[in-house]
Each structure stands twice: as structure tokens, then as C-alpha cells.
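Topology and contacts: notes
Next come the chains, spelled out residue by residue.
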Amino acid sequence: MSIIGSKDVNDIIRKTLGIINNKIIQHGEITGYFLYKMMEYEQAYSEQHYTEQEMVDYTMLGILHDIGLYKGESVKNVSDFETKNPWPHSIYGFLFLKYLSPMADKAEIVLYHHLDYNRHGMIQSRYMHIIDLLTMADKMDTFLHLKEEKLGQDYFVRYRDIKFSGAAMDLFQKAEKQYGITENLVNGKYKEELDVLLAKRDFSEQYKRGFLEMLVYTIDFRSEHTVLHTLATVNFADQLGRLLRVSGKELRDLHYGALLHDLGKIAIPLDILESTGRLSDEEMKIMKAHVRITEMILEGVVDDAVLQIAVRHHEKLDGTGYHKGLTGADLTLPQQIIAVADILSALYGKRSYKEAFSKEKILDIMNSDADRGKINRNVVTVLERNYDNIIKAFEKEKENTIGLYLKIKEQYEVMIERFKQFD
């Protein structure tokens, strides 16, 4: 059985990113819908042809075209970015999608969607036509939400073939006449059409996994420590699962449960997530809510075995854990493994409020918890016997992760300077 159905990919993106800022994802979905309908019209009434995969990829890029906005502080009005410097979020969105999504080869479409049409001669891209269509789709939704004095009712007359492609504008008008695009915004039908489109394509497991991993990385927009903790938990859970010889399906479920276990932290205030001191009782109550939020995001979207592993990582064998106070009799071996992996990741990792603990201190804490009947004794014993090899394997993988972060940051600085030529 698949971890997540093809039809549910956009739903989990919508639910997760909507928690951070619903306005950005709503703008993205409308833009992606406009783009899709323009391509659909071309497919039906011109010689332009798209494969099913291209149609889905381009629509998904339309939905995610402003994902770079999540990197900044609170965005009150997405349309305001039409009249401000668009390059920071365009460049960061491009780099994010290039390195952390399953659509790396098409990410440059997002990079150039704010470049004025009359400057297209300054760049080269095999996706120029789609860039034109995305630019028009983005501007059309922006125009619908901006006050008249910011753009003016004659905007699409004054700036034809200057800020946007006139041919793309004509295409949108034809698609609007044929499909009633804006009417579908009002009645909400556009979301249904997007879901039907994405359900048509039977995504490969690798493609779907890429989107799930991408969602985990979106937490990095707010807390790099949280992302590194998640990746460490995945690594430790994978290794412990193999050492304990869980079945192939259980190992797969354990991997994805670990990957998604802290997704709900995307809704936790940053001052709590990155607190340098001990959390108050009220702050701890808020922090603990991340498990229930994770459950709300994943419920009905991912395979139930994965869901239960993800949301039970804070449960204890003696019933003192959260969020349901389950006991050992309720918890499967994979669910008990992730509890150990999560604690190991928290103790081993350097966080905003503590330095990394030594091997001796980590094992003392883990053995104490096992002795008190809170976590699985056998899992802790396997961890202790293989500790050095587990940490060595994790450190090797961590270098790749940190290297990726550094590469994104370095390329961002270089590109932001280069794109000043377009100001």
C-alpha cells in the first residue's frame, strides 16, 4: 500500500502550508489553477502539447511559485509583493524547489516569474513559454486582489508586452471565455478541478516522497534546528529498525512516520520553538500541541500505520506520555522505536537551549528511562551496543544536509547581487 495517494499530495501541501499562512497558499492555488486552464486551452485548441507529467508539474509549480514568501516574516497581503522587490522570495523559492523538491529541473520557472517581459532577452531558459503563462496567471490573481489605485483598471493595456506577454494575456482571455475561470473562483469549483487533475496522475513513490520531504524542509523557513532534529530522528529510527530486524513494511512505515513526526511544529510560535530557557507550563502546553496538529494534518491523508507512528512518538510505556497517555500494550515496536530515536536526536543534537550531550550522559538518561519502564529496554540495549556506529553513520549523513543548507545560502547571496541588474 502507498504511503500517500496521488490525489492527496496537494491536500497535505494545502493543509501544512495553510497553517503558516493561508493567504500565500490560496494565492498559489489560484495562480496554479489559472496556469492549468491556460495550458488546457492550448492543449485543446492549438498545436501546443503537454505530457500529463508536464501538466501536473507546471500546475504544482504554479501552486508553489511564492513558496519563498514563507521564508520571511508574517505576510499580511500577498499582493503587496507585486509592488515591492520580488527577487528575495523568487530566488529563495527557486533554490528551495531546486534542491528540496521533486521538480528540481523546472525550478527556474519560479525564478523568473516576476521578470518583466521586455527583459526576457537578458535571460535564456527552455521554459520561456511557461514563464510567460505563470507570470500572467500570477498578475491576474494579484490584479483581482489589489486595490484599483495600485495597478489601475488599464494596467493590462498600458503594460502589454512590457511587463507581461500580450500573447499570454490573449490566451487567458480565451480560456476565461471557454471555461469560466473567474466564476469557478467564486463558487470554489477551482479546488475540485485541481484535485481531479492531480488525481489523474499516478505519482511514483519517489515523486510523492519528494513532496513529503519538501514539507519537512518548509519548517526550516522558521527553525533550522527542528529540521535537523527531524532528519536525525529519521536516521536513528532507520538504523534501529534495521538492527531490530523489523519487517520491510514496518521499516518503510517507520521511516515516513519519523519524517513526518514533528510536522505540527510548523504551527508552534517561534519564540517557543527556539526558546533558550526552560518552558513555562503554559508554553509547554502549547509545545505539546504539535502532536495533535501533526495528527490533524496527516489524518485521512497518509497511510494509517505511518500516521500512528508519527503521532505516538511522545507516548511512554507506563502511560505518562502524550497526547493520548497510551501504554506499552497499545504501542507497536515501530512506535516504540521512534520514541527512542526521538529522544536520542533531542539529546545528541545541539539546540538553542543546550549543547550536545556526551555519549555517557545520553546513555545514562536512556537507560534510566528504560529502567523506569518509560521506553523499550530492548531498543535501548541495541542502541547502547551499536551507539558508536549509529552516530558515525548519522554524522556522515548530516554533513550532506548541512552542506546543502550552506550551498543554498551561498547561492542565494550570489544570485541576489546578480539580480540587481533587473531592478
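One can find the structure itself at the top, above this paragraph.
**Overview of the overall build of the protein chain**
Looking only at helices and strands, one finds 20 helices and 0 strands in the protein chain. What you see for the protein chain is a C-alpha radius of gyration of 24 Å, in line with the 22 Å of a compact globule of 423 residues. In terms of overall dimensions, the protein chain has a C-alpha envelope of 75 × 40 × 40 Å along the principal axes. If you take every contact in the protein chain between residues at least 6 apart in sequence, the share linking residues at least 24 apart comes to 72%. Just so you have it, the protein chain exposes about 18,800 Å², and 49% of that area is on carbon and sulfur atoms. In the protein chain, 55 positive and 65 negative side-chain charges are present, and the distance between their average locations comes to 3 Å.

**A few points about helix H18 (residues 333-348)**
The end-to-end C-alpha distance of H18, which contains 16 residues, comes to 22 Å, matching closely the 22 Å that a straight helix rising 1.5 Å per residue would cover. Taking burial as the measure, the 16 residues of H18 include 14 buried ones, the bulk of the element.

**Thoughts on the pattern of salt bridges**
On inspection of all chains with the given rule, the structure shows 23 salt bridges. We note a salt bridge from Glu299 to Arg292, for which the minimum N-O separation is 4.0 Å. Note on Glu299: relative accessible area 42%, which makes it partly exposed. The salt bridge partner of Asp318 is Lys374, with a shortest N-O separation of 2.9 Å. Taken together, the residues span a long stretch of sequence, with Asp318 in the loop between helix H17 (304-311) and H18 and Lys374 in the loop between helix H19 (359-371) and helix H20 (377-418) at a distance of 56 residues. The exposure class of Asp318 is partly exposed, given its relative accessible area of 32%.

**Here we look at the nonpolar core**
Judged by nonpolar contacts, the single largest core of 137 residues is most densely connected at Ile12, Ile13 and Leu64. Among the elements that line this core, the one with the most residues is H20, at 13 residues. Beyond its immediate chain neighbours, meaning those up to four positions away, Ile13 contacts Gly18, Ile25, Met60, Leu64, Phe211, Met214 and Leu215.

**Remarks on the environment of Val340**
Mapped onto the fold, Val340 is located in helix H18. In the structure, Val340 is positioned 135 residues away from Glu205 in sequence and 27 Å away in space, judged by C-alpha atoms. Among residues more than four places away in sequence, those in contact with Val340 are Leu240, Met366, Ile375, Val379, Val380 and Leu383.

**Remarks on the packing of helix H2 (residues 22-45) against helix H6 (residues 128-145)**
The description of two packed helices rests on the angle between their axes and on the distance between the axes. Across the interface, H2 lies against H6 with an axial gap of 9 Å and an inter-helix angle of 130 degrees. With respect to their mutual orientation, H2 and H6 come out oblique. Between H2 and H6 lies a crossing whose hand is right-handed. For the pair formed by H2 and H6, the contact residues are His27, Ile30, Thr31, Phe34, Leu35, Met38, Met39 and Glu42 on the first element and His129, Ile130, Leu133, Leu134, Met136, Ala137, Asp138, Met140, Asp141, Thr142, Leu144 and His145 on the second. Across the contact of H2 with H6, the residue classes break down as 12 nonpolar, 5 polar and 3 charged.

**As for the side chain of His120**
For His120, the position within the fold is in the loop between helix H5 (108-111) and H6. Among the residues examined, His120 registers a relative accessible area of 11% and is labelled buried. Engagement of the side chain of His120 in a polar contact is seen with the backbone oxygen of Leu115, the distance being 3.4 Å. Look past the residues within four positions of His120 in its chain and what remains in contact with it is Leu115, Met128, Ile131 and Asp132.

**Considering unusual backbone geometry**
Note that the residue after Tyr322, namely His323, is joined by a cis bond; omega there is 20 degrees. Tracing the backbone shows His323 in the loop between H17 and H18. Of note, the phi angle at Asp161 is positive, near 60 degrees, even though the residue is not glycine. The residue Asp161 is located in the loop between helix H8 (155-158) and helix H9 (166-179) in this model. Residue classification places Asp161 among the partly exposed residues on the basis of a relative accessible area of 39%.

**Focus: the packing of aromatic side chains**
Here the structure, examined in full by the defined rule, presents 21 aromatic pairs. Geometrically, the ring pair formed by Tyr41 and Tyr179 is edge-to-face, given 6.4 Å between the ring centres and 80 degrees between the ring planes. Note that Tyr41 is positioned in helix H2 and Tyr179 in helix H9, a separation of 138 residues in sequence. By relative accessible area, which is 22% here, Tyr179 ends up partly exposed. Pairwise contacts between aromatic rings join Phe143, Tyr155, Phe156, Tyr159 and Phe164 into one cluster. Cation over ring: Lys163 sits above Tyr159, and NZ or CZ is 5.4 Å from the ring centre.

**Observations concerning the side chain of Asp253**
With respect to the helices and strands, the residue Asp253 is situated in helix H14 (residues 248-260). In this view, Asp253 contacts Ile3, Asp303, Ala305, Val306 and Ile309; residues no more than four positions away in its chain are not counted.

**A closer look at the environment of Glu205**
Here Glu205 lies in helix H12 (residues 205-218). Judged by its relative accessible area of 39%, Glu205 falls in the partly exposed class. With 121 residues separating them in the primary sequence, Glu205 and Leu326 have C-alpha atoms 32 Å apart. Setting aside anything within four residues of it in sequence, one finds Glu205 in contact with Ser2 and Ile3.

What counts as what
Residues numbered from 1 in each chain as written. Predicted model: local features only at pLDDT ≥ 70, side-chain atom pairs only at ≥ 80, totals over all residues. Heavy atoms only, no water. Helix = DSSP H or I, 4+ residues; strand = E, 2+ residues; numbered from the N terminus. Rg over C-alpha atoms; globule rule 2.2 N^0.38 Å. Contact = heavy atoms within 4.5 Å. Areas by Shrake-Rupley, 256 points an atom, 1.4 Å probe, with all protein chains shown as cover. Lys, Arg positive; Asp, Glu negative; His and termini not counted. Charge placed at Lys NZ, Arg CZ, Asp CG, Glu CD. Expected span 1.5 Å × (residues − 1). Buried < 20%, exposed > 50% of the residue type's maximum accessible area, 1.4 Å probe, protein only. Salt bridge = Lys/Arg side-chain N within 4 Å of Asp/Glu carboxyl O. Core = buried A, V, L, I, M, F, W, Y, C linked by side-chain atoms within 4.5 Å. Axes fitted to C-alpha atoms, helices over the stretch in contact; angles between N-to-C directions. Parallel < 35°, antiparallel > 145°, perpendicular 65-115°, else oblique. Left-handed = near helix turned anticlockwise from the far one by under 90°. Nonpolar A, V, L, I, M, F, W, Y, C, P; charged D, E, K, R; others polar. Polar contact = N/O pair within 3.5 Å; in protein donor to acceptor, adjacent residues only side chain to side chain. Phe/Tyr/Trp six-rings, centres within 6.5 Å; stacked < 30°, edge-to-face > 60°. Lys NZ or Arg CZ within 6 Å of the ring centre and 35° of its normal.

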